[in-house]
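Architecture at a glance
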Amino acid sequence: MKLESTGCTDPGLIRAYNQDSYYIDPAGRFFIVADGMGGHAGGEEASRIATEEIRSYLDQNWQSPQSSSEILEQALSTANQAIVKDQQNHPERSDMGTTAVVIMIRPSELPVCGHVGDSRLYRLRESQLEQITEDHTWIAKALKIGDITADEARVHPYRHVLSSCLGREDLNHIDIQPLTIENGDRLLLCSDGLTEELIDQKIFKYINDAPNLEKAAHTLVEAAKEQGGHDNITVVLVSVKA
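Residues numbered from 1 in each chain as written. Predicted model: local features only at pLDDT ≥ 70, side-chain atom pairs only at ≥ 80, totals over all residues. Heavy atoms only, no water.

Named according to an unreviewed UniProt entry, the chain is Stp1/IreP family PP2C-type Ser/Thr phosphatase originating from Dolichospermum heterosporum TAC447.

Structure representation (structure tokens):
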């Protein structure tokens, strides 16, 4: 299986700083997007710590006999612990936290995705774009049980309230799930700066119509900015080829 990938990040049009981070493993083994919160210094530091800790843990434990699911869950847990420790050492950043979404692909196992928060993974297969992750937000829970409609959710004042994120001593919600990928699939990891501005139909169109991944990534970011660019915008795109 051959993977092609690209990524880009932008502060958007409102914020003067970027609290997002992303990482693409040069060997195509794993991909990370993190969206920090807690002010300029706090958010940037939280997403940086998460990305570095996850990358380091996966590097060091890649050959572990543990399953990919176990390794990835521990990587996210280790990142959470590192952020909590930094909060304790730097009280001025005590309210910082970050989302994270990660894909891990080992040759001998089914790929896995892990996430905390509302950064998302999508899979585009043929003519369908599917959201693989489920947002860890109050609004996602309300939408799932039918308390609100999808249209109401997009403008609800509580739509950004997270039910889980990295940087919490009581973290108890790390989602790990298997991920099936086939030849021709395209995967999108993104922060909510993209999905806040673009509906899924638009995301599908910009990826599907682009001549290559790099053009698709930049088109998504620019389209989100054209719709207001109210938050930092980060996208990582991965194309699967036999």
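The structure having been displayed, the exposition proceeds.
Strand order in this open sheet of 5 strands is S1-S10-S9-S6-S7, and the pairing throughout is antiparallel. Two strands lie at the open edges of the sheet, namely strand S1 (2-10) and strand S7 (128-131), each paired on one side alone. Direction aside, neighbouring strands of the sheet carry axes that sit 15 degrees apart on average. Lying over the sheet, helix H6 (residues 200-209) contacts strand S6 (120-125), S7, strand S9 (186-190) and strand S10 (233-241), oriented at roughly 55 degrees with respect to S6. Contacts between helix H7 (residues 213-226) and the sheet are confined to S1, S9 and S10, with S10 contributing the most and set at about 155 degrees to the helix. (Pairing = 2+ DSSP bridges. Helix = DSSP H or I, 4+ residues; strand = E, 2+ residues; numbered from the N terminus. Axes fitted to C-alpha atoms, helices over the stretch in contact; angles between N-to-C directions. Contact = heavy atoms within 4.5 Å.)

Here the focus is the environment of Met104. Its location among the elements puts Met104 in strand S4 (residues 97-104). Overall, the relative accessible area of 0% leaves Met104 in the buried class. With 74 residues separating them along the chain, Met104 and Phe30 place their C-alpha atoms 4.4 Å apart. Ignoring sequence-local partners within four residues, the contact set of Met104 consists of Arg29, Phe30, Leu58, Trp62, Ser68, Ile71, Leu72, Pro111 and Val112. (Buried < 20%, exposed > 50% of the residue type's maximum accessible area, 1.4 Å probe, protein only.)

This part takes up the nonpolar core. Within the largest apolar cluster, 24 residues are counted, with the highest numbers of intra-cluster contacts made by Ile54, Leu58, Leu72, Leu76, Val102, Met104 and Leu166. Of all the secondary-structure elements, those providing two or more residues to this core are strand S3 (30-37), helix H1 (39-60), helix H2 (68-89), S4 and strand S5 (112-116). Apart from the residues within four sequence positions on either side, Leu72 is in contact with Leu58, Val102, Met104, Val112, Cys113, Gly114 and Ile176. Phe204, Ala217, Leu220 and Ile233 belong to the second largest nonpolar core, which has 22 residues in total. (Core = buried A, V, L, I, M, F, W, Y, C linked by side-chain atoms within 4.5 Å.)

Take the pairing of S6 next. The side chains of a regular strand alternate, residue by residue, between the two faces of the sheet. Within S6, 5 of the 6 residues are buried, which leaves it mostly tucked inside the rest of the structure. Alignment of S6 against S9, held across 5 bridges, turns out to be antiparallel. Bridge pairing in S9 places Arg123 opposite Leu187. In this structure, S6 lies alongside S7, joined through 4 bridges in antiparallel fashion. Looking at S7, one finds that Arg125 is bridged to Gln128. Taking the residues that link successive antiparallel strands as the turn, the S6-S7 hairpin has 2 residues, and the phi of Glu126 there is positive, at about 55 degrees.

Turning next to the sheet that holds strand S2 (residues 20-24). What the 5 strands build is an open sheet, ordered S2-S3-S4-S5-S8; its pairing is antiparallel. Lying at the two open borders of the sheet, with one neighbouring strand each, are S2 and strand S8 (175-178). Sheet twist, expressed as the average angle between the axes of neighbouring strands with direction ignored, equals 10 degrees. Looking at chain direction, S4 and S5 are connected through 5 bridges and run antiparallel. Counted as the bridge partner of Val102 is Gly114 from S5. Each of S2, S3 and S4 is contacted by H1, which is oriented at about 160 degrees to S3, the strand it contacts most.

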